[in-house]
Amino acid sequence: MDQSNPCLLLRGCCPCLCRVLKLGGADPVAARPIRRALIISGSVKTLPVAVTVLTQLGPVLGEASVGVAMLPVVAYQLIQIMTESVLVSKWLAADRLAV
């Protein structure tokens, strides 16, 4: 498994856990919006955590290094947001076809 992208693991496990735990209710169609919200919101905490950690490492890394280290973190967050936007668009398109 590719350990460089834990969001893939999270996105893979969340739907299964939502079903098993019956989050949003027992009816899968009625629970779909709640489960989708959990999948998306469960993976968007990376930027604040990374900024906090890098800020605390400032004295060790040097202030200039912290700024440079923030670049891939912010880029990753932007890619994650774009990926989730595509995912939501596909969900909405599939919902329109199902109706």
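Rules used in this analysis
- Residues numbered from 1 in each chain as written.
- Predicted model: local features only at pLDDT ≥ 70, side-chain atom pairs only at ≥ 80, totals over all residues.
- Heavy atoms only, no water.
- Helix = DSSP H or I, 4+ residues; strand = E, 2+ residues; numbered from the N terminus.
- Buried < 20%, exposed > 50% of the residue type's maximum accessible area, 1.4 Å probe, protein only.
- Areas by Shrake-Rupley, 256 points an atom, 1.4 Å probe, with all protein chains shown as cover.
- Expected span 1.5 Å × (residues − 1).
- pLDDT = per-residue confidence, 0-100.
- Salt bridge = Lys/Arg side-chain N within 4 Å of Asp/Glu carboxyl O.
- Core = buried A, V, L, I, M, F, W, Y, C linked by side-chain atoms within 4.5 Å.
- Contact = heavy atoms within 4.5 Å.
- Axes fitted to C-alpha atoms, helices over the stretch in contact; angles between N-to-C directions.
- Parallel < 35°, antiparallel > 145°, perpendicular 65-115°, else oblique.
- Nonpolar A, V, L, I, M, F, W, Y, C, P; charged D, E, K, R; others polar.

(A) Quick look at the overall build of the protein. Helices and strands together make up the secondary structure of the protein, namely 5 helices and 0 strands. Seen in sequence order, the protein has helices and strands lined up from the N terminus as α-α-α-α-α. Going through the 99 residues of the protein one by one, you find that 20% of them count as buried. As displayed, the protein offers around 6,900 Å² of accessible surface, 74% of which is attributable to carbon and sulfur atoms.

(B) Quick look at helix H5 (residues 63–98). If you check H5, its first and last C-alpha atoms are 53 Å apart, about what 36 residues at 1.5 Å a residue would give, namely 52 Å. Among the residues making up H5, those that are buried are Val 66, Met 70, Val 73, Gln 77, Gln 80, Glu 84 and Trp 91.

(C) Representation of the confidence of the model for the protein. Summary statistics for the protein give a mean pLDDT of 79 and a share of 83% for residues scoring 70 or more. Here helix H1 (residues 6–20) stands out as the least confident element of the protein, with mean pLDDT 65; H5 is the most confident, with 87.

(D) Region of the structure containing the pattern of salt bridges. As enumerated under the stated definition, the model contains 2 salt bridges in all. One salt bridge connects Asp 95 with Arg 32, and the closest N-O pair in it is separated by 3.3 Å. Remark: Arg 32 occurs in helix H2 (residues 28–41) and Asp 95 occurs in helix H5; sequence separation between them is 63 residues. When salt bridges with common partners are traced through the structure, they connect Arg 32, Arg 36 and Asp 95 into a single cluster.

(E) Spatial organisation of the nonpolar core. Core analysis: the biggest nonpolar cluster contains 5 residues, these being Ala 50, Leu 54, Val 66, Met 70 and Val 73. For this core, the secondary structure elements donating two or more residues are helix H3 (46–56) and H5. In terms of residues, this core owes the most to one element, H5, which gives 3 residues. For Val 73, the residues in contact, after removing those within four places along its chain, are Leu 47, Ala 50 and Leu 54.

(F) Inspection of the packing of H3 against H5 at higher detail. Closest axis-to-axis distance for the H3/H5 pair is 10 Å, and the angle between their directions is 175°. In this view, H3 runs roughly antiparallel relative to H5, as classed from their interaxial angle. Between H3 and H5, the residues in contact are Thr 46, Leu 47, Ala 50, Val 51, Leu 54 and Thr 55 and Val 66, Ala 69, Met 70, Val 73, Val 74, Tyr 76, Gln 77 and Gln 80, respectively. Its residues assigned to classes, the contact of H3 with H5 comprises 10 nonpolar, 4 polar and no charged.

(G) Layout of the side chain of Arg 36. Within the secondary structure layout, Arg 36 lies in helix H2. Apart from the residues within four sequence positions on either side, Arg 36 is in contact with Trp 91 and Asp 95.

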